[in-house]
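In case you want the letters, here they are:
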Amino acid sequence: MMFQTIKNFFLYLVRNKLYTLVTLTGFAISIAFVLLLSIYIRQELSVDHFHGNKERIYRLVRDGAATFAPPVGDEIMNQYPEVECFTRYYTITYNMELPGGRKVRFKAGTVDSSFFNIFSFPLQEGRPDDVLKTRNSIVLSSSFARRNFENDDPVGREIVIADMSFIITGIAEDFPENTHFPQLDAFMNFPVFFDFWGWSGGLTSYDNSSFGLYFLAHENSDLPSRAPQILENYKKDYWIFSRGYSDTLYFEPLTGVYFSDTGGADIIRNSRATVSIFAAIALLILIIAIINYINLTVAQSGFRSKEIAIRKLMGSPKGALFVQHILESVILASISTILAVFLALCLEPFFNTQMGTRLDLANQFSLSFILFLVILTIIIGGISGISPAVLSNRYNPIDIVKGKMARKTKTYYSKILIAFQYSVAIILLVGSWTIAKQSRFLRNYDIGFNTESIFHMRNTIEPASKTSFREQLMAIPGVAGVSYSAGTPIDGGNNQSFTYDGKPMSFQVFSVDTAFFGLLGIDVRETGVAFDSEGVWLNQTAVKMLELGDEPSWFKYWDEEIPVLGIIGDFNFRSLHTGIGPAMVRQLPETGHPWSILVKIESPHLASVVNRIKEVQSSFTGGIPMDYSFIDDAINRWYLKESRQAKLLGAFTLLSIIISTMGIFAMSLYYIQLKIKEIGIRKVNGAMTWQIMGMLNLDFLKWVAIAFVVATPVAWYVMDQWLQNYPYRIELSWWYFAQAGLITAAVALLSVSWQSWQSAKRNPVEALRYE
């Protein structure tokens, strides 16, 4: 009996190709996106959960930052027995000279020797206790080792960095995707950082609080409870706390770092709210697909009514009919899931690009994943089949035989579901437009300096060669200007904190040469103060914060009176996710060592000019690779997240509209079946085709209008809250909502009009033959 039921259902699917195509397509596309989003969400929620000590690892955090001075780790470990060990963390980018003389650029994490004991990052070669035991040890990542040593074993080989020799003591596997640490090329002993700086007292100094700090607590200890005591001690003798720059301190669990509101020393973070939004979108898409199936099944029930009636008259119990509908739904869901897996594999590259992740779907097919697919299929099939099953069991078989079923069945519940679908579509339309326009607004906003055709490169030139290098660059046709600086609007400069009139101040500081302002087109208003080598320029925000008035001449910086040479126009030195802060621009001494070089190019042949710059740079550095980018490209990367989100949300919006269109097409078919007699009577009484089409279309447009009324305040509230995260933002325009409403109305009309036109052109005699 069960086999015969399944066979009949497959024959029914073959006969009703449109129903089969629409149902399977809607389900398959929806489930494909649900699969991709489910894997993404699972990956995001599993960040750093693979560490064996995850329950005992903490990051030390203060308000606004998770960075501290180098001695803090030793101090806390020596004073509190709950600490088993700690590691500091800071990333650097340097040049490495390989055996044979070839030079490469690499990014290293400077960490303590306990790093590989605290975290569960596997080593391909070397032991966690030994690989960073000596000061000149270096551990390479497996990808960096393969790239530069090919098939040779690099362990034990000597390399040179900043004129210092290092021995390769281990090979670490590349970091997995689900960690808050970025991919690194190498790991070095933390004290080496100060060797590179030439700062012998750096390890014991509290002057620089830029370093991440992680602790491994002893088992069964309560390290976080020590935070208030540590804070009270630091309020006495650690300047960041004693002077009021920070007034909170706590231990953050490792598994909370990725979703933390507090940044750190070069870590990867995400917003839990963003993940929740995508989870909600996945659920909505699945709900829309289920609604579609219900509407399509109900719309087609008239074609199967006699089969249901005969089975009831033959004594088939209600339970059997109920199980039949559930089974049919599960079969459809199963076929759709199989199609969805293949579709998800095809969509994975697009999804990875837009989300900035790596799902690697092909390697997800474990027993647990297959079990998840089976459970998901049964749940989708079960939920989808309940409503049609209940409706079918309510039909009176005598009424079905007499043809009264259609007149007894109400349609308002399906129209409510259609209204829900279009409400979701309108909300997603408004959301995708808002995010896209905000992203465009951020990229095109006037940030106070020129960005076009300005080339930004990391300085690898020796101080004694600066003048000669500048002259050779200026000799290249197309190069219009060269500037040396320690700090640019792209990297944000250095931070300096001081107390002014009893209030803590935190300024970004840039040290620049005389070409800097002109090259970037930054407005400067001279104050008339006599030139002084110690004089500085302040931005307008700094002048206001220091309450210096319109014509400042000097300000108190600790115990010094610093001349103010000029006031510069406010320019953004961070992304527009944050507002403009106070900035101080110092003069770069001739003997100073800038870390950036800016080159302005005025030539239609950018690539050839860049290649010439590379050649000159290589001749000065002995082949060190040039680390460079254009400023406008760097700024666009600031807003890559918003751009990706807009594209992905646009794809979800298109998906929801397609599925909703399928649903309204199904409902139009069902609704017009119910109206066949009425259409026939109106035609007999002289109604025109356009009048009948208007009557049929108007009823659907009414539900689209209801969807618009429901969706508009929801979309406005959600997007207004989202925009509040940006100091610089667009205004929500009424036109976004009007466009969304017009598009959904147009899609609804297109979906319904074909069925309406066919019914309006139909011979009324056919509709009234049996009346």
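All values reported here derive from a predicted model rather than from experimental measurement.

Q: I would appreciate a short explanation of the overall build of the protein in the present structure.
A: Secondary structure summary: the protein contains 25 helices and 21 strands in total. Of all 771 residues assigned to the protein, the portion counted as buried reaches 52%. By sequence separation, contacts in the protein at least 24 residues apart represent 80% of the contacts at least 6 residues apart. For the protein, the accessible surface area stands at approximately 35,100 Å², while carbon and sulfur atoms represent 57% of it.

Q: I'm lost on the packing of helix 16 (residues 466-474) against helix 19 (residues 606-621) in this one. Help?
A: Any two packed helices are characterised by how steeply their axes cross, that is the angle between the axes, and by the distance between the axes. Look at helix 16 against helix 19: their axes get within 10 Å of each other, and the N-to-C directions meet at 155°. Taken together, the axis directions place helix 16 and helix 19 in an arrangement best described as roughly antiparallel. Of the two possible hands of crossing, helix 16 and helix 19 adopt the one that is right-handed. Contacts from S468, F469, Q472 and L473 in helix 16 reach I613, V616, Q617 and F620 in helix 19. Partitioning the contact of helix 16 with helix 19 into residue classes produces five nonpolar, three polar and no charged.

Q: How should a positive patch on the surface be read in this particular structure?
A: A grouping of K437, R440, R443 and K647 is seen on the molecular surface, where their side chains present a positively charged patch. Looking at the positive patch, the element that brings in the most residues is helix 15 (residues 412-444), giving three residues.

Q: Explain the nonpolar core to me, please; I cannot follow it from the model alone.
A: The nonpolar side chains of a soluble globular protein tend to be buried with one another. L520 and F652 are the most contacted members of the largest nonpolar core, which has 107 residues in total. Here the element with the most residues in this core is helix 2 (residues 17-45); it accounts for 14 residues. Discounting residues that sit within four places of it in the chain, L520 has contacts with F449, N450, I454, P489, L598 and I631. The next biggest cluster of nonpolar side chains, apart from the first, holds 42 residues, and it includes V72, F86, F507 and F555.

Q: In this structure, what is going on with the environment of F119? I would like to understand it.
A: Structurally, F119 can be placed in the loop between helix 4 (115-118) and strand 4 (123-125). Under the relative-accessibility criterion, F119 is labelled buried at 1%.

Q: Got a minute to help me understand the packing of aromatic side chains in this structure?
A: Each aromatic ring pair is described using two quantities: the centre-to-centre distance and the angle formed by the ring planes. In the structure shown here, the tally under the stated rule is 60 aromatic pairs. Measuring from centroid to centroid gives 5.0 Å for F115 and F119, while their planes differ by 50°, and the two rings are tilted. A centroid spacing of 6.1 Å and a plane angle of 65° characterise the contact between F166 and F196, whose relative ring orientation is edge-to-face. Taken together, the positions of F166 in strand 7 (residues 164-172) and F196 in helix 6 (residues 192-197) put the pair 30 residues apart, joining distant regions of the chain. Accessibility classification places F166 together with F196 in one group, the buried group. Here the aromatic cluster, defined as three or more aromatic residues joined through ring pairs, consists of F50, Y89, F115, F116, F119, F121, F175, F181, F187 and Y214. When the ring centre of Y557 is taken as origin, the NZ or CZ atom of R586, which lies over that ring, is 5.6 Å away.

Q: How should I be thinking about the packing of helix 3 (residues 72-79) against helix 7 (residues 227-237) in this particular structure?
A: Contact geometry of helix 3 with helix 7 gives a least axis separation of 12 Å together with a crossing angle of 125°. In terms of orientation, helix 3 lies oblique with respect to helix 7. Read as a crossing pair, helix 3 and helix 7 show a hand that is right-handed. Of helix 7, the residues touching helix 3 (which contributes V72, E75, I76 and Q79) are I230, N233 and Y234. Considered class by class, the residues forming the contact of helix 3 with helix 7 number four nonpolar, two polar and one charged.

Calculation rules
- Residues numbered from 1 in each chain as written.
- Predicted model: local features only at pLDDT ≥ 70, side-chain atom pairs only at ≥ 80, totals over all residues.
- Heavy atoms only, no water.
- Helix = DSSP H or I, 4+ residues; strand = E, 2+ residues; numbered from the N terminus.
- Buried < 20%, exposed > 50% of the residue type's maximum accessible area, 1.4 Å probe, protein only.
- Contact = heavy atoms within 4.5 Å.
- Areas by Shrake-Rupley, 256 points an atom, 1.4 Å probe, with all protein chains shown as cover.
- Axes fitted to C-alpha atoms, helices over the stretch in contact; angles between N-to-C directions.
- Parallel < 35°, antiparallel > 145°, perpendicular 65-115°, else oblique.
- Left-handed = near helix turned anticlockwise from the far one by under 90°.
- Nonpolar A, V, L, I, M, F, W, Y, C, P; charged D, E, K, R; others polar.
- Patch = residues over 30% accessible without salt bridge, like charges linked within 9 Å, V, L, I, M, F, W, Y side chains within 5 Å.
- Salt bridge = Lys/Arg side-chain N within 4 Å of Asp/Glu carboxyl O.
- Lys, Arg positive; Asp, Glu negative; His and termini not counted.
- Charge placed at Lys NZ, Arg CZ, Asp CG, Glu CD.
- Core = buried A, V, L, I, M, F, W, Y, C linked by side-chain atoms within 4.5 Å.
- Phe/Tyr/Trp six-rings, centres within 6.5 Å; stacked < 30°, edge-to-face > 60°.
- Lys NZ or Arg CZ within 6 Å of the ring centre and 35° of its normal.

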